[in-house]
Amino acid sequence: MRVTRRFLLPAAAAVLLTLIAPGEGQGATPGPEFHAATTAAAAATAGVAAADAGADSSAASLAYWTPQRMRKATPLDALPAPDRHAAASRPAVAEVPPSVPPLPAEHAASGLARPSQHAIYASAAAGRAFFHNPRTGGDYSCSASALNSPSRQMVVTAAHCVHGGRGGTWMTKWVYVPDYYNGSVPYGVFAAKSFRTFQAWLTYSTAARDVAMVTTWPNNGRKLVNVTGGNGITWNGSRTSPVYVLGYPDNFYRGEIQMYCSGWTSPEWGTSRLQIRCRYGHGSSGGPWLRWYNTGTGLGYVDGVTSTGSLTTGWDQSPYFDAYVAGLYRAQGSLT
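Residues numbered from 1 in each chain as written. Predicted model: local features only at pLDDT ≥ 70, side-chain atom pairs only at ≥ 80, totals over all residues. Heavy atoms only, no water.

**Observations regarding helix α6 (residues 323-333)**
Think of an α-helix as 3.6 residues a turn; residues three or four steps apart then line up on the same face. The condition that has to hold: The cut-offs for exposure are 20% and 50% of the maximum accessible area for each residue type, with area from a 1.4 Å probe on protein chains only; residues under the lower value are buried, those over the upper are exposed, and the others partly exposed. By the criteria applied, helices consist of DSSP H or I runs no shorter than four residues and strands consist of E runs no shorter than two, each listed in order from the N terminus. Polar contacts, as counted here, are pairs of nitrogen or oxygen atoms within 3.5 Å of one another; within protein the pair requires one atom able to donate a hydrogen and one able to accept it, and residues that are adjacent in sequence qualify only if both atoms are side-chain atoms.
In terms of burial, α6 is a largely internal element, eight of the eleven residues being buried. Three or more residues of α6 are buried, namely V325, A326, G327, L328, Y329, A331, Q332 and G333. A distance of 3.1 Å separates the backbone nitrogen of Y324 from a side-chain oxygen at the start of α6, and that oxygen is part of D322.

What follows is the structure in structure tokens.
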């Protein structure tokens, strides 16, 4: 397997469980049980309880994340050991994977939103997430990316970047900074409104289900995907395919600059997950694995997210995006 890694330097089970209002996001959704958390502010408008959300209002989250706090946030470390008995079974693979296409930013043709002002092959539709863990009392960071959906407000990341998994709790003060670059926030900061992930993650820390979808509040009246563009998503694809892996690993530039790694995925032995040898460190969790990545537009199709990895071996892993992940996407994608 050939992998290319580049430093991005300055350019020149079956029940849908929700905490949202009745009738929203419900219906025939395939796969294991999902769990949604709605922030307190969102709950106030939706008229539902949000005791499990553990998140703050948009204004509180935005006020919390000063540039100094962002620089001091700890790139999230290794996951708790997964419960092997709860590992997902290997799903069937379609010859032609189903997908949802990417969506360019509004006025992209005019140059208002570019792939990235800062780095070669970086993307304005990828960025850094910051959050507070009430269980440890610490501030942390992950990687994430904007995802095209009916709401145009959604982000995809790793589940452990929104919830601590078995024995953990929901993260609070969660914000997403597209195209974060060495302390700068070129497209603003988008606070989380609601989260959704798999019950298997919450109960067992199942690594095969380490995926989460986050709906964000608009920033100054503008929706995330309209500002930066949003990647598409694909599922049930080949386990061996070329991808670009974007993220903010702390072993390169202290996680302050978006990185990319390109190469071919392969199945991880003994699991349903995928792997690629990018040698990414802490903070890369949640970064997108992009098929059909267009380096000109900075958009592609998310086919995985960084979940675990080892600097010793160099291998990084992602859950396999199957029909259950597609169900997670559909369940969260229309919520505003």
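**Some points on the pairing of strand β14 (residues 259-264)**
Threshold: A strand pair is defined by DSSP finding two or more bridges across the two strands.
Counting buried positions along β14 gives five out of six residues, so the element sits mostly inside the fold. When strand β13 (residues 242-247) meets β14, the two strands line up antiparallel, connected through six bridges. Residue pairing in the sheet places L246 in a bridge with Y260 of β14.

**Some details on the packing of aromatic side chains**
Here is the rule we go by: By convention, a stacked pair of Phe, Tyr or Trp rings (six-membered ring in the case of Trp) has centres within 6.5 Å and planes under 30 degrees apart, an edge-to-face pair has planes over 60 apart, and any other such pair is tilted. When the NZ atom of lysine or the CZ atom of arginine is within 6 Å of a ring's centre and also within 35 degrees of its normal, the charge is said to sit over that ring.
Inspection of the entire model under this criterion finds ten aromatic pairs. Ring geometry for Y64 against W65: centres 5.2 Å apart, planes inclined by 85 degrees, an arrangement best described as edge-to-face. Exposure remark for W65: the relative accessible area of 5% places this residue in the buried category. Members of the aromatic cluster, each reached through a chain of ring pairs, are Y64, W65, F130, Y180 and Y248. Positioned above the aromatic ring of Y180, the side-chain terminus of R128 is 5.0 Å from the ring centre.

**Digging into the confidence of the model for the chain**
Filter applied, for reference: Scored from 0 to 100, pLDDT reflects the predictor's confidence in each residue. Contact between two residues is taken to exist if any of their heavy atoms lie within 4.5 Å; hydrogens are not considered.
Looking at the chain, the pLDDT average stands at 78 and 72% of residues meet or exceed 70. Taken element by element, the chain is modelled with least confidence in strand β2 (residues 16-17), mean pLDDT 26, and with most confidence in strand β8 (residues 154-157), mean pLDDT 98. With pLDDT under 50 throughout, residues 37-55 is counted as low confidence; its partners more than four residues away or in other chains account for 44 contacts. Throughout residues 108-118 the model reports pLDDT below 50, and contacts reaching past four residues in sequence, or to other chains, amount to 30 contacts.

**Notes on the sheet that holds strand β19 (residues 308-309)**
Taken in spatial order, the four strands of this open sheet run β15-β16-β20-β19, and their pairing is antiparallel. Each edge of the sheet is formed by a strand with only one pairing partner; in this case those strands are β15 (266-267) and β19. In terms of strand pairing, strand β16 (residues 274-277) meets strand β20 (residues 315-318) through four bridges, oriented antiparallel. By the bridge assignment for β20, L274 is matched with S318.

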